[in-house]
Amino acid sequence: MVLLLTGPPGVGKTSIAKSIGECLKRPTTIISMGGQNDPMHIKGSKRTYVDSQPGIFVKELQRLECKNPVIVIDEIDKVGFNSMKGDVSSTLLELLNPEQSNQFRDSYLDLEFDFSECIFICTSNSIANMLGPLIDRIEVINVPAYLPIEKLNIAKSYLMPLLEKEYGFKYLPAPAEVLSSDHKEKLTLTDAAIMEIIHHYTGHEAGVRNLKKSMDRIFRKIVAKLENQPSSATPQISETTIDYQVNTKNLERFLDVPMTDDSFYIDINKELPIGSANGLAYVQDGYGAVLKIQFIKRIYGKDKTGTEEEEKKKGSGSFTHTGRLGEVMQEST
């Protein structure tokens, strides 16, 4: 079985692949293909060389001591190409082809090795640069970007408990619940504060990586403040009584000025003023941005001070644009 999880960065493709291995109770290994341009890395080198060794897949099976693990091939769309050594994608085609995986020949072993019992899960950001015959032989599953409400649930259910365990806090979702006497530490992060981070501090990302960085930054500043207090000069933070709440009012104390502002070019009536418009730039890799476009009207040739021929030249007008626009955007304008 060969699967391909494709989607923007940070949406959890590798985490899904790890979870599949845990559910199947099979050993899981991750092999990164980013920038790999040598087919010997996959098929191994012949034993006539001094530094000969098997391919990475055979070595991983030897390390795991298992014949049917879950093999995660990470960043398969970023394999390199070397005209002197060969094409890595074509070499992977022999391994990932269900009809040939049971007869994969490693150059070091010089024997046919059976990979048909292994489960291959590949991850990529885009399939545009991948080999066509390789895509035809694998099952492509698109992993879309997260919605803001999904990011909120991920932050409350996974990111915050992970960070409070790392820093020694007791996380409480708002509104705060009553703690037992055994737990003196508590940290409350309101839902409004999390949504404020998602909209204004993560740059409209597809995944949750920048969201985790922003929350980690909040924890670090709280820890630094507690360590500077004489009453909290203890070996562990868990021994200190902590009662801290992060909301929309004090969020800028931890994260400074917001990186993005959704209300840009919006007046008090919540409408776009005349001469401005919103645009969207998006690519398949998941990157993109909201474009704020502003138009300024310039009047030419209104004052008739010359001859008729001169007035025609003045009234012809012109159109100028600023910014680094591509050919397609220039044609659109």
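No experiment lies behind these values; they were computed from the predicted model shown. Positions within a chain are numbered from 1, following the residues in the order the chain's sequence is written. Local features in this predicted model are restricted to residues whose pLDDT is 70 or higher, and side-chain atom pairs enter the listing and the counts only when it is 80 or higher, whereas totals over whole chains, interfaces and linings include all residues. By convention in this description, side-chain values take in all heavy atoms of the structure and omit both hydrogens and water.

Engineer: So what exactly am I meant to see when it comes to the overall build of the protein here?
Structural biologist: To qualify as a helix, a DSSP run of H or I must reach at least 4 residues; to qualify as a strand, a run of E must reach at least 2; elements of each kind are numbered from the N terminus. The helix and strand tally for the protein stands at 11 helices and 14 strands. Partly exposed describes any residue whose relative accessible area lies between the buried limit of under 20% and the exposed limit of over 50%, with all areas from a 1.4 Å probe on protein chains only and scaled to the type maximum. Here the protein holds 333 residues, and the buried ones make up 36% of them. Restricting the contact set of the protein to residue pairs at least 6 apart, pairs at least 24 apart contribute 68%. Within the structure as shown, the protein displays about 20,800 Å² of accessible surface, and the carbon and sulfur contribution to it stands at 51%. Throughout, a contact is declared for two residues whenever any of their heavy atoms are within 4.5 Å. In this description, accessible areas are obtained by the Shrake-Rupley approach with a 1.4 Å probe, and a residue is regarded as covered only by the protein chains that are shown.

Engineer: Can you help me understand the sheet that holds strand 8 (residues 119-124) in this one?
Structural biologist: What holds strands together in a sheet is hydrogen bonding between their backbones, with the strands either parallel or antiparallel. Two strands make a pair as long as DSSP finds a minimum of two bridges between them. Pairing is parallel in the open sheet, where five strands are placed in the order 2-3-8-1-9. Two strands bound the open sheet, and with one partner strand each, they are strand 2 (28-32) and strand 9 (139-142). Strand-to-strand twist across the sheet, computed as the mean angle between neighbouring axes with direction ignored, equals 20°. Where strand 2 and strand 3 (residues 70-74) come together, five bridges link them in parallel fashion. Counterpart to Thr-29 in the pairing with strand 3 is Ile-71. Across the sheet, helix 3 (residues 56-64) lies against strand 2, strand 3 and strand 8, angled at about 155° from strand 2, the strand it touches most. Note on geometry: axes are lines fitted to C-alpha atoms, helical ones only across the stretch in contact, with angles between N-to-C directions running from 0 to 180 degrees.

Engineer: Where do I start with the pattern of salt bridges in this structure?
Structural biologist: Close approach of charged atoms allows side chains of opposite charge to pair. Any Lys or Arg side-chain nitrogen located within 4 Å of an Asp or Glu carboxyl oxygen qualifies as a salt bridge. Enumeration over the complete set of coordinates arrives at nine salt bridges. When the shortest N-O distance is used, the salt bridge between Asp-110 and Arg-105 registers 3.5 Å. The partly exposed category is assigned to Asp-110, whose relative accessible area is 45%. Judged by relative accessible area, which is 36%, Arg-105 ranks as partly exposed. When the shortest N-O distance is used, the salt bridge between Asp-256 and Arg-217 registers 2.8 Å. Here Asp-256 is found in the loop between helix 9 (252-255) and strand 13 (276-282), whereas its partner Arg-217 is found in helix 8 (residues 209-227), with 39 residues between them in sequence. Classification of Asp-256 as partly exposed rests on a relative accessible area of 40%.

Engineer: Looking at this model, I keep getting lost on the side chain of Ser-126. Mind explaining?
Structural biologist: As for its position among the elements, Ser-126 is in the loop between strand 8 and helix 5 (132-136). Within 3.5 Å is the distance limit for a polar contact, defined as a pair of N or O atoms, with the added protein rule that one can donate a hydrogen and the other accept it, and that residues adjacent in sequence qualify only through two side-chain atoms. In this structure the side chain of Ser-126 is engaged in a polar contact, spanning 3.1 Å, whose partner is the backbone nitrogen of Ala-128.

Engineer: Whenever I open this one, the packing of aromatic side chains confuses me. Can you help?
Structural biologist: Two aromatic rings, taken as a pair, are described by how far apart their centres are and by the angle between their planes. Side-chain rings of Phe, Tyr and Trp, where Trp is taken by its six-membered ring, are said to pair if the distance between their centres is within 6.5 Å; with planes under 30 degrees apart they count as stacked, over 60 as edge-to-face, and otherwise as tilted. The final tally for this structure, using the stated rule, is five aromatic pairs. Pairing Phe-57 with Phe-120 gives two aromatic rings, centres 6.3 Å apart and planes at 65°, and the pair type is edge-to-face. Here Phe-120 lies in strand 8 and Phe-57 lies in helix 3, a separation of 63 residues in the sequence. Taken as a pair, Phe-57 and Phe-120 share a single burial class, namely buried. Seen in terms of ring centroids, Phe-115 and Phe-120 are 6.4 Å apart; in terms of plane orientation they differ by 45°. Their pairing is tilted. By relative accessible area, which is 2% here, Phe-120 ends up buried. Members of the aromatic cluster, joined through ring pairs, are Phe-57, Phe-104, Phe-113, Phe-115 and Phe-120. Here the basic side chain of Arg-47 rests over the ring of Tyr-108, its NZ or CZ set 5.9 Å away from the ring centre. By definition, being over a ring means that NZ of Lys or CZ of Arg is both within 6 Å of the ring centre and within 35 degrees of the ring normal.

Engineer: Please clarify how the environment of Leu-159 should be interpreted in this entry.
Structural biologist: The topology assignment puts Leu-159 in helix 6 (residues 148-167). Relative accessible area serves as the criterion here: at 3%, Leu-159 is assigned to the buried category. Between the C-alpha atom of Leu-159 and that of Lys-212, which follows or precedes it by 53 residues, the distance is 6.6 Å. Setting aside residues no more than four positions away along its own chain, Leu-159 makes contact with Ile-154, Val-208, Leu-211, Lys-212 and Met-215.

Engineer: Whenever I open this one, the packing of helix 6 against helix 7 (residues 191-200) confuses me. Can you help?
Structural biologist: Between two packed helices, what matters for the description is the angle formed by their axes and the separation of those axes. At their nearest, the axes of helix 6 and helix 7 sit 10 Å apart, and the two run at 120° to each other. The angle between the axes of helix 6 and helix 7 places the two elements in the oblique class. Between helix 6 and helix 7 lies a crossing of right-handed hand. On helix 7, the residues that touch Pro-148, Lys-151, Leu-152, Ala-155 and Lys-156 of helix 6 are Asp-191, Ile-194, Met-195, Ile-198 and His-199. A breakdown of the residues in the contact of helix 6 with helix 7 according to their chemical character gives six nonpolar, one polar and three charged. Note on angle classes: values under 35 degrees are labelled roughly parallel, values over 145 roughly antiparallel, values of 65 to 115 roughly perpendicular, and the remainder oblique. In this scheme the handedness of a crossing depends on how the near helix is turned from the far one: anticlockwise by less than a right angle means left-handed, clockwise means right-handed. In the scheme used here, Gly and all other residues not listed as nonpolar or charged are polar, with Ala, Val, Leu, Ile, Met, Phe, Trp, Tyr, Cys and Pro taken as nonpolar and Asp, Glu, Lys and Arg as charged.

Engineer: Hey, could you run me through the pairing of strand 1 (residues 2-6) in this one?
Structural biologist: In terms of burial, strand 1 is largely enclosed, as five of its five residues are buried. The two faces of strand 1 match: Val-2, Leu-4 and Thr-6 on one face and Leu-3 and Leu-5 on the other face are all buried. Pairing analysis gives five bridges linking strand 1 to strand 8, with the strands arranged parallel. From the neighbouring strand, Leu-3 faces strand 8, where its bridge partner is Ile-121. One ladder, built from four bridges, connects strand 1 with strand 9; its direction is parallel. Residue pairing across strands places Leu-3 opposite Glu-139, the latter belonging to strand 9.

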